[in-house]
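# Descriptive analysis of the structure
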Amino acid sequence: MTMIEFMVLNEESLPFRSKDDCESHLPEFFDIVKEAFLERVAPVRVSEQFDAGWYNILLCGDIFLRTWLEKQEKEYRRRLKSLFANTAVPQIPYEDAILRHRYGLSEFYLDGNKKLATPSLGAALIQDAISISFLSGIHWDSPHISIVWMKMDDSMSIEKEKQTVKNAARLVHWRVHLVDIQKQRKENCRKGAEFWNRREQEFPKLVFCGNTEKEFKRMSYSNAMFNRLWDNLKLLNEHILESDSDEELRAKAALDFTDESDSVKNNPKLRRFREFALPGGTQKEFFGLHVKNFPGAFRLHFFPDYQNNKVYIGYFGKHLPL
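Parameters and conventions
- Residues numbered from 1 in each chain as written.
- Predicted model: local features only at pLDDT ≥ 70, side-chain atom pairs only at ≥ 80, totals over all residues.
- Heavy atoms only, no water.
- Helix = DSSP H or I, 4+ residues; strand = E, 2+ residues; numbered from the N terminus.
- Rg over C-alpha atoms; globule rule 2.2 N^0.38 Å.
- Buried < 20%, exposed > 50% of the residue type's maximum accessible area, 1.4 Å probe, protein only.
- Contact = heavy atoms within 4.5 Å.
- Lys, Arg positive; Asp, Glu negative; His and termini not counted.
- Charge placed at Lys NZ, Arg CZ, Asp CG, Glu CD.
- Pairing = 2+ DSSP bridges.
- Polar contact = N/O pair within 3.5 Å; in protein donor to acceptor, adjacent residues only side chain to side chain.
- Phe/Tyr/Trp six-rings, centres within 6.5 Å; stacked < 30°, edge-to-face > 60°.
- Lys NZ or Arg CZ within 6 Å of the ring centre and 35° of its normal.
- Core = buried A, V, L, I, M, F, W, Y, C linked by side-chain atoms within 4.5 Å.
- 1 Å grid on protein atoms, 1.4 Å probe; cavity = no way out; pocket = protein on both sides within 12 Å on 5 of 7 lines; lining within 4 Å.
- Points joined across faces, edges and corners; volume = space filled by probe spheres on them.
- Salt bridge = Lys/Arg side-chain N within 4 Å of Asp/Glu carboxyl O.

### Regarding the overall build of the protein
Each helix and strand counted, the protein has 13 helices and 17 strands in total. Since a compact globule built from 322 residues should have a radius of gyration of about 20 Å, the 25 Å found for the protein marks it as more spread out than a globular shape. Dimensions of the protein, computed from C-alpha atoms along their principal axes, come out at roughly 80 × 55 × 30 Å. Split into buried and exposed, the 322 residues of the protein put 45% on the buried side. The long-range fraction of contacts in the protein, counting pairs at least 24 apart against all pairs at least 6 apart in sequence, stands at 65%. Side-chain charges of the protein comprise 47 positive and 47 negative groups, with the mean position of each set lying 4 Å from the other.

Quick look at the structure:
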């Protein structure tokens, strides 16, 4: 399943009804965009009529976004401008001619209010994307919005159906959808080639060494094994940032890992099985630390670099020789 990892701006959720509403809810809108970008869901797609710089957006009354921004602190303005730079036009990419044709033969309006057209929600719907809304009215205050889709086929026959659009007007709405996004990403990575291709996006603090490319590309693990592997890699990736020692990493990640015994370390033959070269180097390191909580006595051998906040993954598989 292909994931749509961008958001569609619900342009019909502007303007706000009052300056107070605008001041109350606009910051949370930008918090949603910021979190989405940090989770690699970007950009925000807008229609051709939308100001790509955002500055000329009418927020409410005679207040434009440019005016509102001028009153914000300098660092906050800078961060918002970096978000605006990730805007993409149009809401449906030009290259997707079939989808654009389908969209052109459709009309969308809010369920229960035919006077409120919702073309932006329609664009999100047919792309299976998330709509991001300004919290300017109660009808946008939901993680799912019901709309009516009036669609015409090439023979001019019209069909009407109710549909539900994924929406975020509050952080809590966005986080509902983030859970589904993360589940889908994980599911896609069950295929070894996809896992390998997405490893840097999913685990930016992990570096895979040795024969791990071959090991992971040909993976055919049970659900229990894959879930445990995924969770352990996520824990290492997350907690290396806040750890300065093996003890800290073990405690913060709540991971069951140990070092090899002296009998293994001091045996050249056994030691050799656990030595791997770091990328770009010729000298090998001893990957004695290993996570043990896998089915079937599998082990995940790794080498933490606390100075640079990286974890090198050297081996995943059956228990190495003793």
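Still more ground to cover, so stick around.
### Structural notes on the sheet that holds strand 2 (residues 44-45)
Strand order across the open sheet formed by eight strands is 5-2-1-8-10-9-6-7, with mixed pairing between neighbours. Two strands lie at the open edges of the sheet, namely strand 5 (87-88) and strand 7 (113-117), each paired on one side alone. Pairing analysis gives two bridges linking strand 1 (residues 7-9) to strand 2, with the strands arranged parallel. Its bridge partner being in strand 2, M7 is matched across the sheet by V44.

### Remarks on the sheet that holds strand 17 (residues 310-318)
Across the sheet, five strands lie side by side as 11-17-16-15-12; this open sheet has mixed pairing. Each end of this open sheet is capped by a strand with a single partner; those strands are strand 11 (206-208) and strand 12 (257-258). As judged from the eight bridges shared by strand 16 (residues 298-305) and strand 17, these two strands associate in the antiparallel manner. The partner of F303 across the bridge, within strand 17, is Y312.

### A short note on the side chain of T87
Structurally, T87 is set in strand 5. Reaching out from T87, the side chain makes a polar contact with the side chain of W54 at a distance of 2.4 Å.

### Some thoughts on the packing of aromatic side chains
This model, assessed by the stated rule, comprises 28 aromatic pairs. The interplanar angle of 80 degrees and the centroid separation of 6.0 Å between the aromatic rings of F16 and F134 together place this pair among those described as edge-to-face. A residue pair is termed long-range when its members are at least 10 positions apart, and F16 in the loop between strand 1 and helix 1 (19-38) and F134 in the loop between strand 8 (130-132) and strand 9 (144-152) qualify at 118 residues. According to the relative accessible area criterion, F16 is buried, its value standing at 3%. Taken together, the aromatic side chains of F195, W196, F203, F208, F216, Y221, F226, W230, F294, F298 and F316 make up a single cluster linked through ring pairs. For the cation-ring pair, R45 lies above F6, with the distance from its terminal atom to the ring centre recorded as 5.6 Å. Across the ring face of W149, the terminal group of K151 is positioned such that the distance to the ring centre comes to 4.1 Å.

### Here's the deal with the nonpolar core
By size, the foremost hydrophobic cluster in this structure holds 36 residues, and its most contacted members are F30, W54, L65 and W174. Going through the elements one at a time, strand 1, helix 1, strand 3 (58-60), helix 2 (65-70), helix 3 (74-84), strand 8 and helix 6 (171-188) are the ones with two or more residues in this core. If you tally residues by element for this core, the top one is helix 1, at eight residues.

### A few points about empty space enclosed by the protein
If you walk through the whole model with that rule in mind, you get one cavity of 30 Å³ or more. There is about 30 Å³ of room inside the largest cavity.

### A look at the pattern of salt bridges
As enumerated under the stated definition, the model contains 18 salt bridges in all. When the shortest N-O distance is used, the salt bridge between E202 and R40 registers 3.0 Å. Here E202, found in helix 8 (residues 199-202), pairs with R40, found in the loop between helix 1 and strand 2; they are 162 residues apart in sequence, far enough to count as distant. E202 sits in the buried class, given a relative accessible area of 4%. Its salt-bridge partner being E202, residue K234 comes within 3.0 Å of it at the nearest N-O pair.

### Here's the deal with the pairing of strand 9
Note that strand 6 (residues 106-110) and strand 9 share five bridges and pair antiparallel. Its bridge partner being in strand 9, F108 is matched across the sheet by W149. Across nine bridges, the pairing between strand 9 and strand 10 (residues 158-168) is antiparallel. By the bridge assignment, I147 is partnered in strand 10 with Q163.

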